[in-house]
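Coordinates in review
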Amino acid sequence: MNYKRIALRMLLPVIALPMLFTMGCKEDNNDGNTAGNFDRKLLLENFADNIIIPYWGKMKTATDALSTAADALIATPNTSTLQATQTAWTNAYTAWLYCNSFNYGPGEKPIFGMVNENIGTWPVSAGVVENRIAAADFKFDDFRRDSRGLLTVEYLLFTPTALDSLTASSNRRQYLQKVIADIKTWVDENNTGWTTYRNAFVSNTDKSAGSPTSMLYNEFVKSFEAIKNFKIAVPGGKRAGQAQPEPHLCEAYYSGQSIKFIKEHFKAVEQMWRGIGANGTDGIGFDDYLDKVTGGAALKTETLKQLTAVNNVNKGFADSELLAHLVLTETGRIDTLHTEYQKMTRFFKSDLSSLLGIAITYSSGDGD
């Protein structure tokens, strides 16, 4: 196992361990509920009531559907039940992209860490998964997160021999069922936990490190950087220490849906910046925060321009294209894709952090 692979497993899908760094930001402060005329409580209420809680509800519905489909597959393994479970997995993973930045409150457990570490880690360690299946090891009380979670389910469902392997091995069928049950536990706990945590989240309008506003903003930025750094740069071989593309490190490598999920993930990030709720209603977001701070209007205008640029370059990729193939054969297109995401960074990170006076409390390790 090489260094990069170890680092990925520790870092994916987003940097896991907050480090108290500031990166070119104004010093954080506790100026109460408002910045200028902006009421941060309205921002927190919109996120809690119209974004976070509804999206966890959608994730629960999708996860329950995945569990039901997998039960049918396990009972009767055939092409029809496999395809139904693959479709349910795609729906659940799409729903997950709208929840993966809510790693605070119920999204974090002592010892076990954040929800995104436990159900969204890739690359999957096929060797560990196969060893666990062979040993009938169905316990997940360890830190081998690369052998469980949604991407492990993808591995079990989408490899070319998935149906034959599931049909032949009761241990494999049971492992699939146990991994999905573990995912369901995390999702159910967050779905119910946010209803309880909601009042504490919206009532603290401080913006110092560890406050709801700070956690919301930092996880928003980390979610964006996960696309740029881990979904594009890593398979493209663009990170420090990489000498060449590494297509096997693509997100959703086995289902070949990397492009689709990059685009969907960026849509989720953009909706957070705009404060758009799960029902499509445009509520209070970071764009509205910019309307109330000095210099915010200019940054908002430039951010909107770069959002258009990123969405345009995304449109140049069909969902059906294989990123694992493109990083080897279409390097010019991948360079352009990565460049537009790189340009987006300062509008979500350094410039926005500076104007809002909210410190970046983690390190992405890429010097941005």
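As a starting point, this report considers the structure included with it. (Residues numbered from 1 in each chain as written. Predicted model: local features only at pLDDT ≥ 70, side-chain atom pairs only at ≥ 80, totals over all residues. Heavy atoms only, no water.)

**Quick word on the overall build of the protein**
- Check the secondary structure of the protein and you find 15 helices and four strands.
- Buried positions account for 56% of the 368 residues belonging to the protein.
- Here the protein has roughly 14,500 Å² of accessible surface; of this, 53% comes from carbon and sulfur atoms. (Helix = DSSP H or I, 4+ residues; strand = E, 2+ residues; numbered from the N terminus. Buried < 20%, exposed > 50% of the residue type's maximum accessible area, 1.4 Å probe, protein only. Areas by Shrake-Rupley, 256 points an atom, 1.4 Å probe, with all protein chains shown as cover.)

**Some points on helix α2 (residues 40-75)**
- Compared with the 52 Å implied by 1.5 Å per residue over 36 residues, the 50 Å span of α2 between its first and last C-alpha is a close match.
- The principal kink in α2, of about 40 degrees, is found at A48.
- Looking at where α2 begins, the residue whose side-chain oxygen comes 2.9 Å from the main-chain nitrogen of K41 is D39. (Expected span 1.5 Å × (residues − 1). Bend = angle between axes of the 7 residues up to and from the residue. Polar contact = N/O pair within 3.5 Å; in protein donor to acceptor, adjacent residues only side chain to side chain.)

**Side note on empty space enclosed by the protein**
- Using the criterion set out here, one finds one cavity of 30 Å³ or more in the structure.
- Empty space within the largest cavity amounts to approximately 40 Å³.
- Around the largest cavity sit I51, Y55, Y98, F102, A268, Q271, M272 and I276, which together line it.
- At the level of elements, α2 and α10 (258-274) are the ones that each hand at least two residues to the lining of the largest cavity. (1 Å grid on protein atoms, 1.4 Å probe; cavity = no way out; pocket = protein on both sides within 12 Å on 5 of 7 lines; lining within 4 Å. Points joined across faces, edges and corners; volume = space filled by probe spheres on them.)

**Remarks on a nonpolar patch on the surface**
- On the surface, a cluster of nonpolar side chains totalling about 340 Å² of accessible area is made up of I111, F112 and F143.
- Structurally, the position occupied by I111 is in the loop between β3 (108-109) and β4 (113-114).
- For I111, a relative accessible area of 67% puts it in the exposed group. (Patch = residues over 30% accessible without salt bridge, like charges linked within 9 Å, V, L, I, M, F, W, Y side chains within 5 Å. Salt bridge = Lys/Arg side-chain N within 4 Å of Asp/Glu carboxyl O.)

**What to know about the environment of K349**
- Note that K349 resides in the loop between α14 (331-348) and α15 (350-356).
- K349 sits in the buried class, given a relative accessible area of 2%.
- C-alpha of K349 to C-alpha of F224: the two residues are 125 residues apart in sequence and 9.4 Å apart in space.

**Focus: the side chain of T63**
- Residue placement: T63 occurs in helix α2.
- Judged by relative accessible area, which is 1%, T63 ranks as buried.
- A polar contact is formed between the side chain of T63 and the backbone oxygen of M59, at a distance of 2.7 Å.
- Each residue touching T63, except ones within four places of it in the same chain, is listed here: I183, K184 and V187. (Contact = heavy atoms within 4.5 Å.)

**Comments concerning the environment of Q242**
- Tracing the chain through its elements places Q242 in the loop between α9 (212-233) and α10.
- Taking relative accessible area as the criterion, Q242 reaches 13% and is therefore assigned buried.
- Only 2.8 Å separates the side chain of Q242 from the backbone oxygen of V234, close enough to count as a polar contact.
- Looking at Q242, its side chain comes within polar contact range of the side chain of E246, at 2.8 Å.

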